[in-house]
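Tertiary structure, described
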Amino acid sequence: MNLNEIAKQLDHAANTATAIAQISNTESFTEDEAYEIQRLSLEERYLRGEKFVGLKLGFTSFAKMEQMGVHDMIWGRLTDAMLYKSGEELPLDKFIHPRAEPEIAFLLKKDLDREISLEEIPEYILACASAIEVIDSRYENFKFSLEDVIADNCSSSAFVLGAWQPLPDSLNDLDISLLFDKEVKQGDSSNAILDNPYLSICNASRLAVKYNQPFKEGDILLAGAATPAVFIESNKKITAKVASLGSCNILPK
Ligand code: OOG
Ligand code: MG
């Protein structure tokens, strides 16, 4: 099995918005090999001029793990081409079968080059914000194994950030919701994210070191969805709201 060929195949699927069969149908590969495929597929994006802007965690809530039938935390890479401004249009022709998730984002104050504890967060993190993540599995029917989804950069495809807010003492017990126009599609407490969304930062610092991924001042972290993801519908404005942090939105077209 040639990891680089698989990486190119996944990148091409993402870049042309065409679904492919699950890699694990025909190849068996380890989790470490899956992360290597992910790294190689990002090299293709960087060659096209995209820039790394941060990390995302996935499956940090039980709701997401149950929805996808996968039971381990995963992480992926975000690039500048995935970032949309709140209030912008989301061009649906760039995606295969996109879904939206309500999330919390963090902004790094300084380079994170070791695993940090909860107590150290104010030293390393400048701000937090409400966020929408748009995920779009490159696999047919949005079906995958853990290794498949890691290789596919954890379905990363777009994200939107609300206005940055100072870090509150606690991010627990905040209502998080996802709306399509005025209809609430999903909602839960922020506790759904690892029992404490701040733990996503500790986990991201650990994973960035483990996988040798520089994670630097000005980079962004998406903590992972608090609720199951919802299929996007054309012309229905998507809003993510996080109590006391505010909201952000995007209009799929
Ligand atoms: C994988 C991405 C999961 C999250 O927030 O849990 C994720 C997927 O469900 O396709 O982004
Ligand atoms: Mg997500």
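Everything below is about the structure printed above this text.
Now for a look at the structure at hand. As the structure is a computational prediction, the values presented were derived from the model and not from experiment.

1. Points about the site of ligand 1
Around ligand 1, a shell composed of 17 residues is seen, among which Lys56, Phe59, Lys64, Ser155 and Ala225 lie nearest. Contact between ligand 1 and Glu101: an oxygen atom at 3.0 Å from a side-chain N or O atom of the residue. Considering ligand 1 on its own, with 320 Å² of exposed area, one finds that the protein chains cover 100% of that surface. For the shell around ligand 1, the secondary-structure elements that each account for two or more residues are strand E1 (52-58), helix H3 (62-68), strand E5 (99-108) and strand E6 (125-135). If one sorts the elements of the shell around ligand 1 by residue count, E1 sits on top with three residues. When its residues are assigned to classes, the shell around ligand 1 shows nine nonpolar, three polar and five charged.

2. Here's the deal with the nonpolar core
One recurring pattern in soluble globular proteins is that nonpolar side chains are buried together. Formed by 58 residues in total, the largest nonpolar core has its most connected members in Phe59, Phe106 and Ile201. Counting residues in hydrophobic clusters, the runner-up holds 16 residues, among them Ala158, Val230, Ile238 and Cys248.

3. Thoughts on the coordination of the magnesium ion (ligand 2)
In this structure, Glu101 (OE), Glu103 (OE) and Glu133 (OE) serve as the protein donors to the magnesium ion (ligand 2), at separations of 2.0 to 2.1 Å. Sequence spacing of the donors to the magnesium ion (ligand 2): E-x1-E-x29-E. Of this pair, Glu103 sits in strand E5 while Glu133 sits in strand E6, placing them 30 residues apart in sequence. Judged by relative accessible area, Glu103 falls into the buried class, the value being 0%.

4. Let's talk about helix H1 (residues 3-16)
Given a rise of 1.5 Å per residue, 14 residues ought to cover 20 Å, and the 20 Å separating the end C-alpha atoms of H1 matches this to within 8%. Residues Leu3, Ile6, Ala7, Leu10, Asp11, Ala13 and Ala14 constitute the buried set of H1. What you see down the axis of H1 is that its buried residues fit within an arc of 160°, all on one side. For H1, the exposed residues lying more than 90 degrees away from the buried face are Glu5 and His12. Looking at the buried positions of H1, the neighbouring elements they touch are helix H2 (31-47) and helix H5 (146-151). The distance from a side-chain oxygen at the start of H1 to the backbone nitrogen of Asn4 is 2.9 Å, and the residue carrying that oxygen is Asn2.

Definitions and cut-offs
Residues numbered from 1 in each chain as written. Chains lettered and ligands numbered in written order. Predicted model: local features only at pLDDT ≥ 70, side-chain atom pairs only at ≥ 80, totals over all residues. Heavy atoms only, no water. Near = heavy atom within 4 Å. Polar contact = N/O pair within 3.5 Å; in protein donor to acceptor, adjacent residues only side chain to side chain. Areas by Shrake-Rupley, 256 points an atom, 1.4 Å probe, with all protein chains shown as cover. Helix = DSSP H or I, 4+ residues; strand = E, 2+ residues; numbered from the N terminus. Nonpolar A, V, L, I, M, F, W, Y, C, P; charged D, E, K, R; others polar. Core = buried A, V, L, I, M, F, W, Y, C linked by side-chain atoms within 4.5 Å. Buried < 20%, exposed > 50% of the residue type's maximum accessible area, 1.4 Å probe, protein only. Donors = N, O, S within 2.8 Å, 3.2 Å for Na, K, Ca; no water. Expected span 1.5 Å × (residues − 1). Arc of directions from axis to C-beta. Contact = heavy atoms within 4.5 Å.

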